[in-house]
Amino acid sequence: MFDWLFGGKKKVGLVLGGGVARGLAHIGVLKVLIQNKVPIDYVVGTSSGSLIGAAFAAGMDVAQIEKIAMRIRWRDMMKLTFFQAGLNAPEAIEDFVVRFIGDRDFREMKIPFAAVATDIKNGARVVIDQGGIAKAVAASATFPGVFSPVEINGHYLIDGGIAANVPVDVAKQLGADFVIASDVIPSRYIRGIPNDPLSGLGRALDLMFKQLSYAERQRADILIELQMEEEDIWHLDLHKAEKLITAGEIAAHRAINKIKKALKLPAGS
């Protein structure tokens, strides 16, 4: 882990935070990192960040991930259930993941990957880096009340954002010397007052997640923070994928020179 202190290459961890639909902005971040040939040795994701992170770590081309994002809708990840502690069965998320990246195991990933979830019994952060990828992503993205908890190894798991929305420390535990964290909860004040109950709830969650993740975000070597340039985009706005991806690109461009300098990458790369 400390080889870089003696002139070796830094091991780079990429952390993709949660943010429901706004997790699509991670695609824009990935586009800029790849264009600038930033090496990525580990990927860690929470919630929607685990979905994008799993696809990338599995070796899927970012252009293909973007193409899927442009046509994804909530019905693709919903399956109503009346017999579990949620409106929807998390198996729908599993099916979605399998459809696009296959029924993969963590050992089959091109880049080492971990998904972060929350134990509903005690609130503890649970790092998933073994077993099936699809079930791990479903656990990480299982928002309470909307989806039923996912059981893995005796833990009943819900959305990882509750325990660690920007899990920088997990990337370091995996072996990263240098951590780039992408936080897709907008860093600036919103432009307008939420005009419906769901948007109001979403804004409250934003404020909570920002407070809970503050200390860990500060431990990132580079923090890429999303800003809504032209309008507020809310948690359920999957249909605004193009704007979210563009916003992610803009956020990454703001940080790319610092990243290249820190990693000693050629200025023209």
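Here the structure is a predicted model, which is why all the values come from computation and not from measurement.

Here is what the cut-offs are and how they apply
- Residues numbered from 1 in each chain as written.
- Predicted model: local features only at pLDDT ≥ 70, side-chain atom pairs only at ≥ 80, totals over all residues.
- Heavy atoms only, no water.
- Helix = DSSP H or I, 4+ residues; strand = E, 2+ residues; numbered from the N terminus.
- Buried < 20%, exposed > 50% of the residue type's maximum accessible area, 1.4 Å probe, protein only.
- Contact = heavy atoms within 4.5 Å.
- Salt bridge = Lys/Arg side-chain N within 4 Å of Asp/Glu carboxyl O.
- Pairing = 2+ DSSP bridges.
- Core = buried A, V, L, I, M, F, W, Y, C linked by side-chain atoms within 4.5 Å.
- Polar contact = N/O pair within 3.5 Å; in protein donor to acceptor, adjacent residues only side chain to side chain.
- Axes fitted to C-alpha atoms, helices over the stretch in contact; angles between N-to-C directions.
- Parallel < 35°, antiparallel > 145°, perpendicular 65-115°, else oblique.
- Left-handed = near helix turned anticlockwise from the far one by under 90°.
- Nonpolar A, V, L, I, M, F, W, Y, C, P; charged D, E, K, R; others polar.

Bringing the overall build of the protein into the picture now. When helices and strands are tallied, the protein shows nine helices and ten strands. Put simply, the protein has 269 residues, and 55% of those count as buried. Sequence-distant contacts, at least 24 apart, represent 75% of the contacts inside the protein between residues at least 6 apart.

Next up on the list: the pattern of salt bridges. Inspection of every chain in the model, using the stated rule, returns ten salt bridges. Measuring nitrogen to oxygen at the nearest pair gives 3.3 Å for the salt bridge that ties E66 to K31. Residue E66 is located in helix α3 (residues 62-71), and its partner K31 is located in helix α1 (residues 25-35); the two are separated by 35 residues in the primary sequence. Among the residues examined, K31 registers a relative accessible area of 18% and is labelled buried.

Another aspect to go through is the pairing of strand β4 (residues 113-119). Where burial is concerned, most of β4 is hidden: seven out of the seven residues are buried. Burial of the side chains of β4 extends over both faces: F113, A115, A117 and D119 are buried on one face and A114, V116 and T118 on the other. In this sheet, β4 lies alongside strand β2 (residues 42-46) in parallel orientation, the contact comprising four bridges. Bridged to V43 within β4 is F113. Where β4 meets strand β5 (residues 125-128), four bridges bridge the pair, whose relative direction is antiparallel. Paired with T118 across the strands is R125, a residue of β5. Connecting the antiparallel pair β4 and β5 is a turn made up of five residues, with G123 showing a positive phi of about 80 degrees. In this sheet, strand β8 (residues 155-159) lies alongside β4 in antiparallel orientation, the contact comprising three bridges. In the strand pairing of β8, A117 is matched with D159.

Within the largest apolar cluster, 68 residues are counted, with the highest numbers of intra-cluster contacts made by F113, I128, I133, I180, I224 and I259. In terms of residue count, the dominant contributor to this core is helix α9 (residues 241-263) (ten residues). Filtering out sequence-adjacent residues up to four positions away, I128 remains in contact with F106, F113, A114, A115, A117, A136, A139, I152 and L157. Grouped together as the second largest cluster of nonpolar side chains are 14 residues, V15, Y42, V44 and V116 included.

Moving on: the side chain of K31. For K31, the side chain forms a polar contact with the side chain of E249, separated by 3.4 Å. Those residues within four positions of K31 in sequence are excluded, and the remaining contacts are V62, E66, I245 and E249.

Running from N to C, α1 and α3 point in directions that differ by 160 degrees, and their axes come no closer than 10 Å. Our classification of the angle between α1 and α3 gives roughly antiparallel. Considering only the axes of α1 and α3, their crossing is left-handed. Side by side, α1 and α3 meet where I27, L30, K31 and I34 of the first sit next to V62, I65, E66 and A69 of the second.

The geometry of α1 relative to α9 is characterised by a closest axis approach of 7 Å and an angle of 40 degrees between their N-to-C directions. When the axes of α1 and α9 are compared, the pair comes out oblique. Between α1 and α9 lies a crossing whose hand is right-handed. Taken together, the residues of α9 that come into contact with α1 (itself represented by A25, I27, G28, V29, K31, V32 and L33) are L244, I245, G248, E249, A252, H253, I256 and I259. Broken down by class, the residue content of the contact of α1 with α9 amounts to ten nonpolar, three polar and two charged.

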